[in-house]
Amino acid sequence: MDQNALKALVGQEAVKYVQDGMILGIGTGSTVRYMIDALGERVKNEGLSIVGVATSDRSAKQAESLGITIKQLDEVDHLDLTIDGADEIDDNFQGIKGGGAAHLWEKIVAINSTKNMWIVDESKMVHHLGKFPLPLEVIPFGSSHVLEKLDKMGFNPTFRMKEDGSHVLTDSKNYIIDLHLGRIDHPHELANTLNGIVGVVEHGLFLDTVNTVIVGRQDGPEVLNARD
Ligand SMILES: O=C[C@H](O)[C@H](O)[C@H](O)COP(=O)(O)O
């Protein structure tokens, strides 16, 4: 199976955990796209009744096009389960997200969700975080000074740019700075440091967040329980 087939596999597996009446957080990314497709099938074929809260405009649009009811986070009083992708997951089930520039909304949805499930192909499982550049969502105002500060701190930062030379913009119209760290030995310490930098809205370290990971492996989906 190629990478896309593994992504489709975990997307289809994840929707088996969705129950009638749930309020579901819907993540973002190429893996979640398959999950949304599979969810749309269940809504259409089984009459599954759920409300989705999307972590990006793209996911909301796709879900609505498939007949899935979407509400804003502030219109619901809780979320039962959120299904999202990830860029890296380490041996302690800590993760990096934000490769698709959606980690701010994803984190807000995740912390308001009773349970969090991540779906990934096996290439995302790593022993140590940090090979994947760590995304930061930053306010455009003064962002070059934030970049300079991050550079002086040794974080090897770059703005994420489009091919036309303009900044990648998040759904909140902010910029993304990627930190090329190579290896993150102390993710909680790094998270605290980044939380203290004015102008950084949110970083892509998702620590102590996920309950269940579904990994797409060549011999089928593997379900890992991270924490209850
Ligand atoms: O910002 C994007 C999200 O955090 C995605 O969930 C993450 O980047 C994984 O995306 P993909 O499934 O496309 O690898």
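Please read all numbers here as calculations on a predicted model, not as lab measurements. (Residues numbered from 1 in each chain as written. Predicted model: local features only at pLDDT ≥ 70, side-chain atom pairs only at ≥ 80, totals over all residues. Heavy atoms only, no water.)

**Some details on the UniProt feature "active site" (unreviewed entry) in the protein chain**
Right, on to step 1. When the UniProt feature table is mapped onto this chain numbering, "active site" (unreviewed entry) sits at Glu106.
Right, on to step 2. Within the secondary structure layout, Glu106 lies in helix α4 (residues 103-111).
Right, on to step 3. Accessibility expressed as a relative area gives 4% for Glu106, which makes it buried.
Right, on to step 4. Here Glu106 is in contact with Gly27, Thr28, Thr55, Asp84, Lys97, Gly98 and Phe206, once residues within four sequence places are set aside. (UniProt positions renumbered as here; feature names shortened; annotations may be inferred. Helix = DSSP H or I, 4+ residues; strand = E, 2+ residues; numbered from the N terminus. Buried < 20%, exposed > 50% of the residue type's maximum accessible area, 1.4 Å probe, protein only. Contact = heavy atoms within 4.5 Å.)

**Side note on the packing of aromatic side chains**
How two aromatic rings sit relative to each other is given by the distance of their centres and the angle of their planes.
Right, on to step 1. Overall, the coordinates contain two aromatic pairs when judged by the stated rule.
Right, on to step 2. Taking the centre distance of 6.3 Å and the plane angle of 65 degrees together, the rings of Trp118 and Phe206 count as edge-to-face. Taken as a pair, Trp118 in strand β7 (residues 113-121) and Phe206 in strand β12 (residues 205-206) lie far apart in primary sequence, 88 residues in all.
Right, on to step 3. According to the relative accessible area criterion, Trp118 is buried, its value standing at 2%.
Right, on to step 4. Taking the centre distance of 6.1 Å and the plane angle of 90 degrees together, the rings of Phe159 and Tyr175 count as edge-to-face. Of this pair, Phe159 sits in strand β9 (residues 157-159) while Tyr175 sits in strand β10 (residues 175-179), and the two are 16 residues apart along the sequence.
Right, on to step 5. Exposure remark for Phe159: the relative accessible area of 21% places this residue in the partly exposed category.
Right, on to step 6. On the accessibility criterion, Tyr175 (19% relative accessible area) is buried.
Right, on to step 7. The ring centre of Phe206 lies 5.4 Å from the NZ or CZ of Lys97, which sits over that ring. (Phe/Tyr/Trp six-rings, centres within 6.5 Å; stacked < 30°, edge-to-face > 60°. Lys NZ or Arg CZ within 6 Å of the ring centre and 35° of its normal.)

**Details of the pattern of salt bridges**
Right, on to step 1. Within this structure, the stated rule accounts for 11 salt bridges.
Right, on to step 2. Measuring nitrogen to oxygen at the nearest pair gives 3.1 Å for the salt bridge that ties Glu46 to Arg42. Taken together, the positions of Glu46 and Arg42, both in helix α2 (residues 30-46) and four residues apart, correspond to about one turn of that helix.
Right, on to step 3. With relative accessibility at 52%, the residue Glu46 sits in the exposed group.
Right, on to step 4. Here Glu202 makes a salt bridge to Lys107, at a shortest N to O gap of 2.9 Å. (Salt bridge = Lys/Arg side-chain N within 4 Å of Asp/Glu carboxyl O.)

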